[in-house]
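Report on the structure
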Amino acid sequence: MSVDVATSAEQEWMARAIELATTNVDSGGGPFGALVVRDGEVVATGTNRVTVDLDPTAHAEVTAIRNACRALGTFKLDGCVLVTSCEPCPMCLASALWARLDRVLFAADRDDAAAAGFDDRAFYEVFRDPEASTPTPVHRVEMPNRNAAFDAWRTKPDRVAY
């Protein structure tokens, strides 16, 4: 992960993401904010709504991605940049990858988050070492029809590829 010198526009976007995160704390949400930018314009924003919505997936980045997809009428955000107040957790990074974002920019990192009580460093370890001990064990169950849904997908003539 590299630290880049940001353009003035990127610094403005980041300042807005940090402002969203800070304001969200006063609104009862977590200290995270994000925005999606396309062609220099903010398309959508998101804040951490985990405790407000009782949704463990409602991180700021995921919320911003969902809002951007709705605003743009697409599930692919190529041509867009995700700007977030803090380094994306593995779920948020995977969401950014699935959304096909061009870039992700962040300010605070995982160690800053851990110092504030948001320690998801163990989750990063799972992706670095699949054999690592995890808080949630994951195991495959052998099933003879495990590919039935994939077979149906492959033969569906009007499927939308992603």
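Residues numbered from 1 in each chain as written. Predicted model: local features only at pLDDT ≥ 70, side-chain atom pairs only at ≥ 80, totals over all residues. Heavy atoms only, no water.

Looking at an unreviewed UniProt entry, one finds the chain named Nucleoside deaminase and attributed to Saccharopolyspora thermophila.

Residues Val 36, Ile 65, Leu 77, Leu 82 and Leu 101 are the most contacted members of the largest nonpolar core, which totals 17 residues. Contributions of two or more residues to this core are made by strand 1 (33-38), helix 3 (60-72) and strand 3 (80-86). For this core, the leading source of residues is helix 3, giving five residues. Apart from residues no more than four positions distant in its own chain, Ile 65 is found in contact with Val 36, Leu 77, Leu 82, Ser 95, Ala 96, Ala 99 and Leu 101. Among the nonpolar cores identified, the runner-up in size contains eight residues, and Met 14, Val 37, Val 81 and Val 83 belong to it. (Core = buried A, V, L, I, M, F, W, Y, C linked by side-chain atoms within 4.5 Å. Buried < 20%, exposed > 50% of the residue type's maximum accessible area, 1.4 Å probe, protein only. Helix = DSSP H or I, 4+ residues; strand = E, 2+ residues; numbered from the N terminus. Contact = heavy atoms within 4.5 Å.)

Now for the packing of helix 3 against helix 4 (residues 90-98). Describing two packed helices takes the angle between their axes plus the distance from one axis to the other. Two elements in contact, helix 3 and helix 4, have axes separated by 8 Å at closest approach and are oriented at 25°. As the angle between them shows, helix 3 and helix 4 are arranged roughly parallel. In this structure, helix 3 crosses over helix 4, and the sense of that crossing is left-handed. Contact with helix 3, carried on its side by Glu 61, Val 62 and Ile 65, involves Met 91, Cys 92, Ser 95 and Ala 96 of helix 4 and no other residues of that element. Here the contact of helix 3 with helix 4 is built from residues that sort into five nonpolar, one polar and one charged. (Axes fitted to C-alpha atoms, helices over the stretch in contact; angles between N-to-C directions. Parallel < 35°, antiparallel > 145°, perpendicular 65-115°, else oblique. Left-handed = near helix turned anticlockwise from the far one by under 90°. Nonpolar A, V, L, I, M, F, W, Y, C, P; charged D, E, K, R; others polar.)

Among the structural elements, Thr 47 can be located in strand 2 (residues 41-47). Relative accessible area serves as the criterion here: at 16%, Thr 47 is assigned to the buried category. At 3.3 Å, the side chain of Thr 47 and the side chain of Asn 24 are in polar contact. Those residues within four positions of Thr 47 in sequence are excluded, and the remaining contacts are Leu 20, Asn 24, Phe 32, Gly 33, Ala 58, His 59, Ala 60 and Thr 63. (Polar contact = N/O pair within 3.5 Å; in protein donor to acceptor, adjacent residues only side chain to side chain.)

Okay, a nonpolar patch on the surface next. On the surface, Phe 75, Trp 98, Trp 153, Val 160 and Tyr 162 cluster together into a nonpolar patch covering about 600 Å² of accessible area. When you line up the elements, Phe 75 lands in the loop between helix 3 and strand 3. (Patch = residues over 30% accessible without salt bridge, like charges linked within 9 Å, V, L, I, M, F, W, Y side chains within 5 Å. Areas by Shrake-Rupley, 256 points an atom, 1.4 Å probe, with all protein chains shown as cover. Salt bridge = Lys/Arg side-chain N within 4 Å of Asp/Glu carboxyl O.)

What follows deals with the pairing of strand 1. Here strand 1 lies mainly inside the structure; five of its six residues are buried. Here six bridges tie strand 1 to strand 2, and the two strands are oriented antiparallel to one another. Note that in strand 2 the partner of Arg 38 across the bridge is Glu 41. Once strand 1 ends, the chain turns through two residues before running back antiparallel as strand 2, passing Asp 39 with a positive phi of about 50°. (Pairing = 2+ DSSP bridges.)

Moving on to the packing of aromatic side chains. Under the criterion given, the structure shown has four aromatic pairs. The interplanar angle of 70° and the centroid separation of 6.4 Å between the aromatic rings of Trp 153 and Tyr 162 together place this pair among those described as edge-to-face. Among the residues examined, Tyr 162 registers a relative accessible area of 58% and is labelled exposed. By the ring-pair criterion, three or more aromatic residues cluster together here, those being Phe 75, Trp 98, Trp 153 and Tyr 162. (Phe/Tyr/Trp six-rings, centres within 6.5 Å; stacked < 30°, edge-to-face > 60°.)

For strand 3, the buried fraction is high: seven of the seven residues fall into the buried class. Across five bridges, the pairing between strand 3 and strand 4 (residues 103-108) is parallel. Following the sheet pairing, Val 81 is matched in strand 4 by Arg 103. The handedness of the strand 3 to strand 4 crossover, carried by helix 4, is right-handed. (Right-handed = clockwise from strand over helix to strand, strands pointing away.)

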